[in-house]
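Here is what each chain is made of, one letter per residue.
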Amino acid sequence: MGDARIIPFEGGARGARRSGRSARSAQSAESALRQPVADEPEEFPAEDGEAGEAGEAPDGAEVPVREARRLGAGAGERAGRSRGAGFGMFAGALGGLVGGAARGLAEGLAGPDWEDKAADGLAFLRRRVTGEYEVDEFGFDQELTDQLVMSLLRPLYEKYFRVEVRGLEHVPAKGGALIVANHSGTLPLDALMTQVAVHDHHPEARNLRLLGADLVFQLPLVGELARKSGHTLACHADAERLLSQGELVGVWPEGYKGLGKPFKDRYKLQRFGRGGFVSSALRTGVPIVPCSIVGAEEIYPMIGNFRTLARLLGLPYFPVTPTFPLLGPVGLVPLPTKWRIEFGEPIRTDTYPAHTADDPMVVFNLTDEVRETIQHTIYKVLMHRRSVFF
């Protein structure tokens, strides 16, 4: 596709003379479209991301309204008035050609240069092929996470689960911290959505390094991708090393007990293990940030468990939901529930002496405090929730 030029439409007799049409035809067109002359472009203000009238363009760009309406007819004009996220160049141009969406066409033409994006993509592929990229000692690939992993998870976060996040000001801007959250949903999508929330919405765009179970890293392809995304095995040594290096670490201490609990026990926190995460925080002196997740419990309502089949397959559980395994692979599609992730005030550990990390009573008390904080916040959010899906 060649370089596209936006030619301002000129109404009135002057526009008619330049196009070779009669003054009478130009006056009819001007009356029908009510389009201002190019010397005095009319503005269509849009507030808070709301789309303006058909024919508007972002940043004051002019739009060939006559051509847009000719391409799209009535359906294109309605599409141009739709509310929603702005389209990229390709989506905008395609929407203008297929649906005649005037606003989509304008944003596609006036958006970022597609050649720059293509060049960036090719440069990324070249670095992957030639090995000109860096990974840390845990296998974390920053570039791959930003360019690929987050791009795949972001639509699920923004469009499907429509996650609302609060309390990110409680997550430190720098230095080590341990985020502790409740676990649910049959599959660990809650951990991935929390990673996107911190990466995309924290002022410092921090990377959340998740601690996963050994089963995650035993799965083909999944384990390798988890390493590349910054995840590591849930053990004291790895957790303390990351925290001492100033990393943001996420842990879900309920483990499989939280993921695989029946639907009737939803939003009832299970036991937080032996409090190993508290010991790691005490040894490194980092704060513990409680995190409460509401909405993940309903994506796969677990109404049964094939324990025998789970043992044969080496799985902690084999879930039975209203759609799986009855509908086969279609049953693996999660329900589009509305999520909310809320981060609470950090609990300091640097005020405790170093030897308290081995004191069972101190560890138990701190573990219980974190668990009760998360549970209380979950109940508070549930009291104000009007719908599971909206």
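Being a predicted model, the structure only gives us computed values, none of them experimental.

Visitor: What exactly am I supposed to notice about the overall build of the protein chain here?
Guide: Scanning the protein chain from terminus to terminus reveals 15 helices and nine strands. For the protein chain, the proportion of its 390 residues judged to be buried stands at 42%. Pairs at least 24 apart in sequence give 73% of the contacts found in the protein chain among residues at least 6 apart. Accessible surface, the protein chain: about 21500 Å² in total, of which carbon and sulfur atoms supply 57%.

Visitor: Would you mind showing me how to read the packing of helix α11 (residues 236-244) against helix α13 (residues 276-284) here?
Guide: Working note: a packed helix pair is described by the angle between its axes plus the distance between those axes. Contact geometry for α11 and α13: axes closest at 9 Å, N-to-C directions at 35°. Between α11 and α13 lies a crossing of right-handed hand. Counted together, H236, A239, E240, L243 and S244 of α11 and G276, S280, R283 and T284 of α13 form the full contact between these two elements. Here the residues of the contact of α11 with α13 are counted per class, giving two nonpolar, five polar and two charged.

Visitor: Looking at this structure, how should I read the environment of R340?
Guide: Topologically, R340 is positioned in strand β9 (residues 340-343). Take R340: its relative accessible area is 17%, and that puts it in the buried class. Each C-alpha atom, one on R340 and one on L382, is 10.0 Å from the other, the two residues being 42 residues apart in sequence. Here the side chain of R340 touches E342 through a polar contact of 2.7 Å, side chain to side chain.

Visitor: Just checking my understanding: could you explain the packing of aromatic side chains for this structure?
Guide: Both the distance between ring centres and the angle between the ring planes are used here to describe each pair of aromatic rings. If you walk through the whole model with that rule in mind, you get five aromatic pairs. A ring pair is formed by F161 and W339, whose centres lie 4.6 Å apart and whose planes are at 25°; its orientation type is stacked. With a gap of 178 residues between them, F161 in the loop between α7 (142-160) and β1 (164-166) and W339 in the loop between β8 (319-320) and β9 connect regions that are remote in the sequence. Taken individually, F161 and W339 each receive the classification buried, so the pair is uniform in this respect. With a centroid separation of 5.9 Å and an interplanar angle of 35°, the aromatic rings of F318 and F324 are classed as tilted. Judged by relative accessible area, which is 14%, F318 ranks as buried. Each residue in the set Y160, F161 and W339 is aromatic and connected to the rest through ring pairs, giving one cluster. The ring of Y133 carries R128 above its face, with NZ or CZ at 3.7 Å from the centroid.

The rules behind each value
Residues numbered from 1 in each chain as written. Predicted model: local features only at pLDDT ≥ 70, side-chain atom pairs only at ≥ 80, totals over all residues. Heavy atoms only, no water. Helix = DSSP H or I, 4+ residues; strand = E, 2+ residues; numbered from the N terminus. Buried < 20%, exposed > 50% of the residue type's maximum accessible area, 1.4 Å probe, protein only. Contact = heavy atoms within 4.5 Å. Areas by Shrake-Rupley, 256 points an atom, 1.4 Å probe, with all protein chains shown as cover. Axes fitted to C-alpha atoms, helices over the stretch in contact; angles between N-to-C directions. Left-handed = near helix turned anticlockwise from the far one by under 90°. Nonpolar A, V, L, I, M, F, W, Y, C, P; charged D, E, K, R; others polar. Polar contact = N/O pair within 3.5 Å; in protein donor to acceptor, adjacent residues only side chain to side chain. Phe/Tyr/Trp six-rings, centres within 6.5 Å; stacked < 30°, edge-to-face > 60°. Lys NZ or Arg CZ within 6 Å of the ring centre and 35° of its normal.

Everything listed here is a matter of geometry and, on its own, says nothing about what the molecule does.
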